[in-house]
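Summary of the model geometry
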Amino acid sequence: MSHPLPAEPKTRSRKNTLLPLFVIIIAAALIGFVIWQSIGDDTPESTQDGMEQSGVEGESQGQGPVAVPEEGAQPEQSDMSDIERRDPEDLLAVGPADAPVAIVMFTDAQCPFCAAWHDQTLPTMMEYVEEGDLRIEWRDVNVFGEASERAARATYAAAMQDAFTEYHGLLFADGETLPESGLTDEGLLDLAEQAGLDTAQFQEDMNSPEVTEQIAANAQEGLDIGAYSTPAFIVAGEPIIGAQPTEVFVTAVDDALAQDR
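Residues numbered from 1 in each chain as written. Predicted model: local features only at pLDDT ≥ 70, side-chain atom pairs only at ≥ 80, totals over all residues. Heavy atoms only, no water.

What follows deals with the side chain of His 168. Its place among the elements puts His 168 in helix α6 (residues 164-171). Under the relative-accessibility criterion, His 168 is labelled buried at 6%. In contact with His 168, not counting residues within four places along its chain, are His 118, Trp 138 and Thr 155. (Helix = DSSP H or I, 4+ residues; strand = E, 2+ residues; numbered from the N terminus. Buried < 20%, exposed > 50% of the residue type's maximum accessible area, 1.4 Å probe, protein only. Contact = heavy atoms within 4.5 Å.)

See the structure below:
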């Protein structure tokens, strides 16, 4: 006589039903956590360009690499005209010290956007300089590294022989930067020869402690105000980030001149 099979315990049936549900809940929680982490990673970091945080609109184009600011560095206030040195003895400047408008440019010898600005916009700005309406002051922040710092020292050494604009023009000839191989000691000396400089004096000045200290101070000044990428400008006290079209600078200078009159 056959016996009927015993019925499956109800507790096992409930376990078989709850287990897939528990797995689904855990999987959903993990997916949610991954998505939340992804969104957090896309948020701009607080160390991004401090001058951008001060309210500059429409930049990010024509902008070089971003340097990491020192811990505790804070973006400067909107009116940044106090960065203008207005020093008649400033070797990295053109235009009258008392010109009604000033541009301070933070640059780098290896920055292609700086070279483009030099080629496309500087000639128009020089027209204002020649009229006595504009002063332009340069500061090298050297965000590209050692070769840029070396080129900055070379430019300052050339400026000590009253050849700043000539030498700077050779670094950015035809709106292009030189390859890093052209920014060696030998390459920079070759540019000095092309500019007709006293090369022995040039080498001595380029490697002097005084020039090294001045270049380091210029770079730190840029980082202190939030110029963590190049090019960056202060035009009549207002920041402009990136190699914006020439019209942006013309408008900024014209507006500042109109307010001065």
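Moving on, we come to the pairing of strand β3 (residues 134-140). Of all 7 residues that make up β3, 7 are buried, and the element is covered over most of its length. Covered by surrounding structure in β3 are Leu 134, Ile 136, Trp 138 and Asp 140 together with Arg 135, Glu 137 and Arg 139, the residues of both alternating faces. Two strands pair when backbone bridges link them, and strand β1 (residues 93-94) and β3 are joined in this way by 2 bridges, in the antiparallel orientation. When the bridges of β3 are listed, Val 94 appears paired with Ile 136. Two elements, strand β2 (residues 101-107) and β3, share 7 bridges in a ladder whose sense is parallel. From the neighbouring strand, Val 101 faces β3, where its bridge partner is Leu 134. (Pairing = 2+ DSSP bridges.)

Formed by 30 residues in total, the largest nonpolar core has its most connected members in Ile 103, Met 125, Leu 134, Ile 136, Trp 138, Phe 233 and Val 253. Broken down by secondary-structure element, the contributors of at least two residues to this core are β2, α3 (112-120), α4 (122-130), β3, α5 (146-159), α9 (209-224), β4 (232-235) and α10 (246-260). If you look at the next biggest cluster of nonpolar residues, it comprises 17 residues, including Ala 151, Ala 158, Leu 189 and Phe 202. (Core = buried A, V, L, I, M, F, W, Y, C linked by side-chain atoms within 4.5 Å.)

On to the sheet that holds β4, then. Read from one edge to the other, the open sheet built from 5 strands follows the order β1-β3-β2-β4-β5, with strand pairing classed as mixed. Strand pairing shows two members of the sheet lacking a second neighbour, β1 and β5 (238-241), which therefore form its edges. As defined by bridge partners, β2 adjoins β4 across 4 bridges and the pair is classed as antiparallel. Within the sheet, the bridge partner assigned to Val 104 lies in β4 and is Ile 234. α4 contacts β1, β2 and β3 of the sheet and is inclined by roughly 130° relative to β3. (Axes fitted to C-alpha atoms, helices over the stretch in contact; angles between N-to-C directions.)

Turning to unusual backbone geometry, a few remarks are in order. Here the bond from Thr 230 into Pro 231 is cis, since omega is -5°, no more than 30 degrees from zero. Looking at where Pro 231 falls in the secondary structure, it is placed in the loop between α9 and β4. In this model, Asp 162 sits at a positive phi of 60°, which is unusual for a non-glycine residue. Mapped onto the elements, Asp 162 comes out in the loop between α5 and α6. Given the relative accessible area of 69%, Asp 162 is considered exposed. Its identity is not glycine, yet Ala 236 carries a phi of approximately 50°, on the positive side. Relative to the elements of secondary structure, Ala 236 occurs in the loop between β4 and β5.

Pairing of β4 with β5 involves 4 bridges; the strand directions are antiparallel. Across the sheet, the residue bridging to Ile 234 is Pro 239, located in β5. A loop of 2 residues connects β4 with β5, the two strands running antiparallel in sequence, and Ala 236 in this loop sits at a positive phi of about 50°.

This next bit is on the pattern of salt bridges. This structure, assessed with the given rule, holds 8 salt bridges. Between Glu 221 and Arg 85 there is a salt bridge, with its nearest N and O atoms 3.1 Å apart. Here Glu 221, found in helix α9, pairs with Arg 85, found in the loop between α2 (50-53) and β1; they are 136 residues apart in sequence, far enough to count as distant. The class for Arg 85 is partly exposed, based on a relative accessible area of 31%. Among the ionic pairs, Glu 221 bridges to Arg 139, the shortest N-O distance being 2.7 Å. On the criterion of sequence distance, the pair formed by Glu 221 in helix α9 and Arg 139 in strand β3 is long-range, its members being 82 residues apart. (Salt bridge = Lys/Arg side-chain N within 4 Å of Asp/Glu carboxyl O.)

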